[in-house]
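Here is how the chains run, residue by residue.
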Amino acid sequence: MSKIKNFFRSLSMHWYVKYIVVCVLGVLVVGFLDENSVWAHMQHKRHIAELEDEIVVYQSEFERNRDEIHQLQHNPKAIERIARERYFMKMADEDVFVLSDDVGKELDGKITANETAE
């Protein structure tokens, strides 16, 4: 116990030590420990930048979807194109062939070719 008292007594003999300790503690609190620290501020700025990037992506997607909706409401050819591309609809006198990049699927140890339905 006397060693600790001697250590603090030797520190108190120098007038500038208490200012250094207070400055170091202040920098720690302001820089890292407080909820409004510089570290937290930098993390929040990074998160805001990521969210702004997402906003740009979603706005472009919104514009594309809005244009597609406008085309579907005013252009019957667009409705036909969507029906043919997405839902494989066909006219009465047409045949639809679905092509795939898959070579085959393995079912119960057998390799089967892709089947095309009419």
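None of the values given here were measured: they were computed from a predicted structure. Residue numbering note: each chain is counted from 1, following its sequence as written. Reporting of local features is limited, given that this is a predicted model, to residues whose pLDDT is at least 70; pairs of side-chain atoms are given and counted only at 80 or more, and all residues count toward the totals for whole chains, interfaces and linings. The basis for every side-chain value is the complete set of heavy atoms in the structure, and neither hydrogens nor water enter the calculation.

**Q** What should I look at first to understand the overall build of the protein chain in this one?
**A** Counting secondary structure elements, the protein chain contains 4 helices and 2 strands. The helix count covers DSSP runs of H or I at least four residues long, the strand count covers runs of E at least two residues long, and both are numbered beginning at the N terminus. When the helices and strands of the protein chain are placed in sequence order, the string is α-α-α-α-β-β. Per-residue burial for the protein chain yields a buried fraction of 6% across its 118 residues. We call two residues in contact when some of their heavy atoms are within 4.5 Å. Within the protein chain, contacts between residues separated by at least 24 positions form 3% of all contacts whose residues are at least 6 apart in sequence. With a 1.4 Å probe rolled over the protein chains alone, any residue whose accessible area is under 20% of its type maximum counts as buried; one over 50% counts as exposed, and the rest are partly exposed.

**Q** Could you clarify how one ought to interpret the packing of helix α3 (residues 38–74) against helix α4 (residues 76–87) in this entry?
**A** Two packed helices can be described by the angle between their axes and the distance between those axes. Fitting a line to C-alpha atoms yields each axis, with helices limited to the stretch in contact; the angle taken between N-to-C directions then spans 0 to 180 degrees. Packing of α3 against α4 brings their axes to within 5 Å, and their N-to-C directions diverge by 110 degrees. Here α4 runs roughly perpendicular to α3, going by the angle between their axes. Judged by the twist between their axes, the crossing of α3 over α4 is left-handed. Residues Glu68, Gln71, Leu72 and His74 of α3 form the contact with α4, whose participating residues are Pro76, Ala78, Ile79, Ile82 and Arg86. Across the contact of α3 with α4, the residue classes tally to 5 nonpolar, 2 polar and 2 charged. Each angle gets one of four labels, with under 35 degrees taken as roughly parallel, over 145 as roughly antiparallel, 65 to 115 as roughly perpendicular, and the rest as oblique. Rotating anticlockwise by less than a right angle from the far helix to the near helix defines a left-handed crossing, while the corresponding clockwise rotation defines a right-handed one. Residue classes follow a fixed rule: Ala, Val, Leu, Ile, Met, Phe, Trp, Tyr, Cys and Pro count as nonpolar, while Asp, Glu, Lys and Arg count as charged, and any other residue, Gly among them, counts as polar.

**Q** Help me out: how do you make sense of α4 in this one?
**A** The α-helix winds at 3.6 residues per turn, so residues separated by three or four positions along the chain end up facing the same way. A helix is expected to reach a length of 1.5 Å times the quantity of its residues less one. An ideal rise of 1.5 Å per residue puts 16 Å on 12 residues; α4 measures up with 16 Å between its terminal C-alpha atoms. Burial in α4 covers these residues: Ala78, Ile82 and Ala83. When α4 is viewed along its axis, its buried side chains cluster within an angular range of 135 degrees and face the same direction. Within α4, the exposed residues directed more than 90 degrees away from the buried face are Pro76 and Lys77. Each element contacted by the buried residues of α4 is listed here: α3. Backbone nitrogen of Lys77 and a side-chain oxygen of the N-cap are separated by 3.1 Å at the start of α4; the cap is Asn75. Two residues or fewer past α4, Phe88 is found with a positive phi of approximately 55 degrees. Working note: the arc is built from the helix axis to C-beta atom directions. As used in this structure description, the phrase polar contact means that two N or O atoms lie within 3.5 Å; if the pair is within protein, one of them must be able to donate a hydrogen and the other to accept it, and residues adjacent in sequence are counted only when both atoms belong to side chains.

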